[in-house]
Structures are given as structure tokens and as C-alpha cells.
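As a plain string of letters, each chain reads:
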Amino acid sequence: MKKINTDVLIVGAGPVGLFTVFELGQLGMKSCIVDSLEDIGGQCTALYPDKPIYDIPAYPSLTAGDLIVNLKKQIDPFKPTLLMNQKVVELEKYDEFYNVKTSENNIILAKCIIIAAGNGAFGPNKPPIENIDSYENKTIFYHVKDKLRFKDKTLAIAGGGDSAVDWAIELSKNAKKIFFIHRRSKLRAVPQNVETLHKLEKEGRIEMMIPFQLDSIRGKNGIIEKLVIKNMDEEKKELKVDYFLPFFGLSTNLGPIKNWELELEKNILKVKQETCETNLNGIFAIGDVCSYPGKLKLILTGFAEAAIASHNCYNKINPDKTLHFEYSTTKGINKL
Ligand SMILES: Cc1cc2nc3c(=O)[nH]c(=O)nc-3n(C[C@H](O)[C@H](O)[C@H](O)COP(=O)(O)OP(=O)(O)OC[C@H]3O[C@@H](n4cnc5c(N)ncnc54)[C@H](O)[C@@H]3O)c2cc1C
């Protein structure tokens, strides 16, 4: 458990949350970012890293992945505390600060909060199996962090999209055997990679279990003894595997933020356009998660909102000081 004292807690490390670190830093404020994903970048990293974006000012075209690489470079001088792989959960208000607890039991004490949570916290879509959580991070993984864990092991990979196909190809290089489970014969992945998958099937490195889906898991203490799959006629097969990797995509959920007594409409937080402040004093919302009349859900709008919210945080945190507006060309980078 970590206890972090900061000026501003930023919820969400999407493009807008990242740029907020810069805006706060330029005004001399420290920040801590929390994100439920393993990697920074929000939708840009999770949904379309290789797609070119054409409406970032001064960049006629750059990929979403490169936008995040550049934002990371831009915020590095401000050394934000990054707490990844965890959601913000509980919020308590004390006189001078907010006390926020994360799902990893870290505590952040912040004078203001800027919510840049997009459509909500990203998390894996999980197979609807009872007790699945008792196997998670032991023999069931929703993403691959350490490929060597799967060396010489028998794996089951489920899903029909790019992640399932790409990881089956990659892990087949060192795994003992891979069962590839999908409920339809058509795979939604890049055709060239689907071809490679079938080539590996012919070579005996991958066994296709199609059309099958997961029925249940038998095992104990987090160790899978048998993975039970079934076809459309409810015929079952038992697979002896060491690990199971379901790749069913990501879904988003605003989760516990909904219980923070913020004014919400259809998962969107209402803010005053001139400050980006929510109905709670010192809590701001920017980027895709916020709404006001005329709001455009674009990255460039979110960047402007980051500047507006940061200036207003300064006024909250320093009520006795007058903020002298300065261009970055005048003051340079305000290294903290
Ligand atoms: C395919 C596609 C193409 C697009 N093309 C363009 C384009 O060309 N131009 C453009 O301007 N926009 C485009 N967009 C939209 C753009 O990606 C979004 O407007 C932008 O990502 C919003 O940024 P954000 O930082 O507000 O939110 P997000 O990018 O959604 O990031 C929010 C982050 O907050 C985290 N989070 C949420 N809740 C919690 C919580 N409780 N605890 C911890 N973490 C949490 C999430 O995990 C996520 O990482 C596109 C979107 C898609 C899907």
C-alpha cells in the first residue's frame, strides 16, 4: 500500500489525462494519475494505436500510438506519479483535501481531482464462468505480460479477434501446444494472420477447437485441472491445459465514480463549461467523460479543457495568490 500526497489526482491516463500533467506542471502543481489499464494512452492505445489521426493541430497525420509517445515525452519533465492497473474506488472529503482509495489499496491525498475517465475504466470482457476470479493471475490471464511463463506449457486461447490470433501465433513459438477456441468458423483478425494460424495448425503446433465455447473450469487452488468446452449441440470436451488466455476484448465502466454523488447523465459528468468543474467543489471533469452545451468529443477539445481545469485548480489550491497568465514561450518548461 502506498500513500501519496499530491496537488491534483488525475483519473485516467488517456490523451487528455496525460496532457493535464503538463498543464498542471506548468502552473507548478504536482499530479498523480490512476488508470485501470496496464499502459497509458486510453482509447488511443487500447483501441486504435496504428490508425492515423488527422485532426491534431500542427500534425497533418500521426498515429494514435505516436500521439501517446509524444505526450509521454512532453510530461516526463514533471515526473507524475503513475498508478496503473487500478481503479479509483472510494472518495472521502476532508477539510483541505480529498482522500481517494484505489482498487490496489493505495491512498491518494489530493487537493483537487480532475476526472479524465473517457467512457469509463477499461477492463477485459470475462467469460461468464463461476469462480473465474479464483484462477485469475494464476492460470488465467487476460493479457500477456511475461511470454516466458508460457514456455513449454499447454495453453488454451479463446477469442476470434486480433489479440487471440496474434498471441496464438506468437506464443506457439515456445509453447508445448496451443488449443485455439472460438465459437464461429470465421475469425475477425487480419486475414494474413489467420492464414498463419492455419499454417501452424497444419504443422500441429495449434489445434483448432471450432465451433466451441467455454463451458466450465475444473480445478482447485487456482490451478486448472480441466477446461471444459462445448459445441452448439452441447457436446463437451475436456482439455488438459496449464493456462487459459481468454481474449474477448475490452469493455468500459465508470464503476465506483458513479457513487461519488456527481451529477451524471448517461455515464457523462455534467460540468460548467467555463471552469470544467462538476457539482462537487474541487472536482473537475474533462475529455470524453464530461458534457456541457455544445461539447465535442475530440482530443483537441479535451486538451483545451485540460488547460481550463488546471487553471481553475490553481485558483482553488492557491486562493491567496493571483495567477499571472504567461505563455509557455515566456516561461519555458516549468520543471518541478
Ligand atoms: C477508432 C477511434 C478513432 C478515433 N479517432 C479520433 C480522431 O481522429 N480524432 C479525435 O479527436 N478523436 C478520435 N477518437 C476519439 C478519441 O480517442 C477520444 O476522444 C479520446 O481518447 C478521449 O480521451 P480521454 O483521455 O478523455 O479518454 P480515454 O482515451 O477514454 O481515456 C480514459 C482513461 O481513463 C481510464 N479510467 C476510466 N475510469 C477509470 C477509473 N475509475 N479508474 C482508473 N482509470 C479509469 C480508462 O481506463 C482510460 O485509460 C477516436 C476514437 C476511436 C475509438
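Residues numbered from 1 in each chain as written. Predicted model: local features only at pLDDT ≥ 70, side-chain atom pairs only at ≥ 80, totals over all residues.

This part covers the nonpolar core. Proteins that are soluble and globular tend to have nonpolar side chains buried together. Counting 58 residues, the largest nonpolar core has Ile 114, Ile 115 and Phe 284 as its most contacted members. If we ignore the near neighbours within four places in the chain, the residues touching Phe 284 are Cys 112, Ile 114, Ile 115, Val 271, Cys 276, Glu 277, Thr 278, Ala 309, Asn 312 and Cys 313. Counting 33 residues, the second-largest nonpolar core is a separate cluster that includes Tyr 135, Ile 169, Phe 179 and Ile 181. (Core = buried A, V, L, I, M, F, W, Y, C linked by C-beta atoms within 7 Å. Buried ≥ 20, exposed ≤ 12 C-beta atoms within 10 Å, placed from the backbone. Contact = placed C-beta atoms within 7 Å.)

This part takes up helix α1 (residues 15-26). The end-to-end C-alpha separation of α1 is 17 Å, in line with the 16 Å expected for 12 residues at 1.5 Å each. Of all the 12 residues making up α1, 12 are buried; the element is thus mostly covered by neighbouring parts of the structure. Every buried residue of α1 is listed here: Pro 15, Val 16, Gly 17, Leu 18, Phe 19, Thr 20, Val 21, Phe 22, Glu 23, Leu 24, Gly 25 and Gln 26. At the C-terminal side of α1, Gly 28 shows a positive phi close to 85 degrees. (Helix = DSSP H or I, 4+ residues; strand = E, 2+ residues; numbered from the N terminus. Expected span 1.5 Å × (residues − 1).)

What follows covers the domain arrangement of the chain. Note: interface size is frequently given as the accessible area lost on complex formation between the parts. By domain assignment, the chain separates into domain 1 (3-123 + 251-331) and domain 2 (126-248). Each of domain 1 and domain 2 has a C-alpha centre, and the two are 36 Å apart. (Domains from an automatic or database assignment.)

Structurally, the position occupied by Ala 116 is in the loop between β8 (107-115) and β9 (121-124). Not counting residues within four places of it along the chain, the set of residues in contact with Ala 116 comprises Ile 10, Val 11, Gly 12, Gly 14, Val 16, Gly 17, Thr 20, Ile 286, Gly 287 and Val 289.

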